[in-house]
Amino acid sequence: MPRLILLRHGQSQWNLENRFTGWVDVDLTAEGEAQARRGGELIAEAGFKPAVMFTSVLTRAKRTGAIALQSAGLKDVPTIEDWRLNERHYGGLTGLDKAETAKLHGEDQVKVWRRSYDVPPPPLAPGGEWDFTADPRYAGQDIPDTESLKTTLDRVLPYWNSAIAPRLEAGEDVLIAAHGNSLRAIVKHLFDVPDDKIVGVEIPTGNPLEIDLDAELKPVSARYLDAGRAESLPAIA
Ligand SMILES: O=C(O)[C@H](O)COP(=O)(O)O
């Protein structure tokens, strides 16, 4: 039975500063590094030995995965990076303070932007500080100027189907070190979470989520390895 571990990056500098981050390449805080190390210890305690780690092109996810593998004694596990595992693009909210944005637009509107399934934030204006179109990591790609969870899933799912699922179907265990919303998209897909229920799914930083899958890659059981920092999980059908 293949095992999958989803690991959201540890606390980033902008998690700490409460700023909308999306594709901005901020690094981990010291606390985030400690969370990644602890995640690796829990992965080792669970006896998890992935054949491969998938991650995004963003430093906070790549470093979390590398630190966790190192602290699990698994530093030789090969890593595959792809932008399709990036955080959702936060559009015109990128860089803004989350609390100030809530004062300006109201808590309800900000919750819709942050957690609804298919309402994207306003698009990013071209040419500004957070315009990623000239970033060589996205050369030749048709990159978004904002993303809802739905459009995030639209780019995560083809990558899941073409690159990740075949490894699990071959019986390999897989670690994915990524982001709150690219991982929420994978959770929505795997657990078949209805569109109006995904609003309640939160993924904590640096806490490995182990999902045991059957041959059809349907979840059989799931648990956070750090039970003390767990969030509730969707029901298994
Ligand atoms: O991009 C961000 O700001 C965070 O990584 C995730 O943000 P959220 O909690 O608003 O989804």
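Calculation rules
- Residues numbered from 1 in each chain as written.
- Predicted model: local features only at pLDDT ≥ 70, side-chain atom pairs only at ≥ 80, totals over all residues.
- Heavy atoms only, no water.
- UniProt positions renumbered as here; feature names shortened; annotations may be inferred.
- Helix = DSSP H or I, 4+ residues; strand = E, 2+ residues; numbered from the N terminus.
- Expected span 1.5 Å × (residues − 1).
- Buried < 20%, exposed > 50% of the residue type's maximum accessible area, 1.4 Å probe, protein only.
- Arc of directions from axis to C-beta.
- Contact = heavy atoms within 4.5 Å.
- Near = heavy atom within 4 Å.
- Polar contact = N/O pair within 3.5 Å; in protein donor to acceptor, adjacent residues only side chain to side chain.
- Areas by Shrake-Rupley, 256 points an atom, 1.4 Å probe, with all protein chains shown as cover.
- 1 Å grid on protein atoms, 1.4 Å probe; cavity = no way out; pocket = protein on both sides within 12 Å on 5 of 7 lines; lining within 4 Å.
- Sits in = over half its atoms within 2 Å of the grid points.
- Nonpolar A, V, L, I, M, F, W, Y, C, P; charged D, E, K, R; others polar.
- Salt bridge = Lys/Arg side-chain N within 4 Å of Asp/Glu carboxyl O.

Per an unreviewed UniProt entry, the recorded name for the protein is 2,3-bisphosphoglycerate-dependent phosphoglycerate mutase, and the organism is Brevundimonas goettingensis. Looking at the protein in UniProt, the text filed under Pathway (unreviewed entry) is "Carbohydrate degradation; glycolysis; pyruvate from D-glyceraldehyde 3-phosphate: step 3/5." On record in UniProt, under Function (unreviewed entry), the comment for the protein is "Catalyzes the interconversion of 2-phosphoglycerate and 3-phosphoglycerate."

(A) Inspection of helix α2 (residues 30-45) at higher detail. For α2, spanning 16 residues, the distance from its first C-alpha to its last is 23 Å, which sits close to the expected 22 Å at 1.5 Å a residue. Here α2 has its buried residues at Gly32, Gln35, Ala36, Gly39, Gly40, Leu42 and Ile43. Seen from one end, α2 has its buried residues packed into an arc of 165°, which puts them on one side. Summarising the geometry of α2, the exposed residues directed more than 90 degrees from the buried face are Ala30 and Glu45. Those residues of α2 hidden inside the fold are in contact with β1 (3-8), α3 (59-71) and β4 (174-178). Downstream of α2 by one or two residues, glycine 47 has phi in the positive range, about 70°.

(B) Region of the structure containing the site of the ligand. Lining the immediate environment of the ligand, one finds Arg8, Asn15, Arg19, Phe20, Thr21, Gly22, Glu87, Tyr90, Lys98, Arg114, Arg115 and Asn181. The contact in question runs from an oxygen atom of the ligand to an N or O atom on the backbone of glycine 22, over 2.8 Å. Separating an oxygen atom of the ligand from a side-chain N or O atom of arginine 115 is a distance of 2.7 Å. Expressed as a share of its isolated accessible area of 310 Å², the protein-covered part of the ligand is 97%. Counting atoms within 2 Å of the grid points, the majority share of the ligand lands in the largest pocket. Of the residues that constitute the shell around the ligand, the class distribution is two nonpolar, four polar and six charged.

(C) Seen up close, the pattern of salt bridges. This model, assessed by the stated rule, comprises 16 salt bridges. Note that arginine 3 is salt-bridged to glutamate 210, the shortest N-O span being 3.4 Å. Here arginine 3, found in strand β1, pairs with glutamate 210, found in strand β5 (residues 209-213); they are 207 residues apart in sequence, far enough to count as distant. An identical accessibility class is assigned to arginine 3 and glutamate 210; each is buried. The closest approach of N and O atoms between glutamate 202 and arginine 115, which form a salt bridge, is 2.9 Å. Here arginine 115 lies in helix α5 (residues 107-115) and glutamate 202 lies in the loop between α7 (180-191) and β5, a separation of 87 residues in the sequence. Sharing partners across several salt bridges, the network here consists of Arg3, Glu210 and Arg223.

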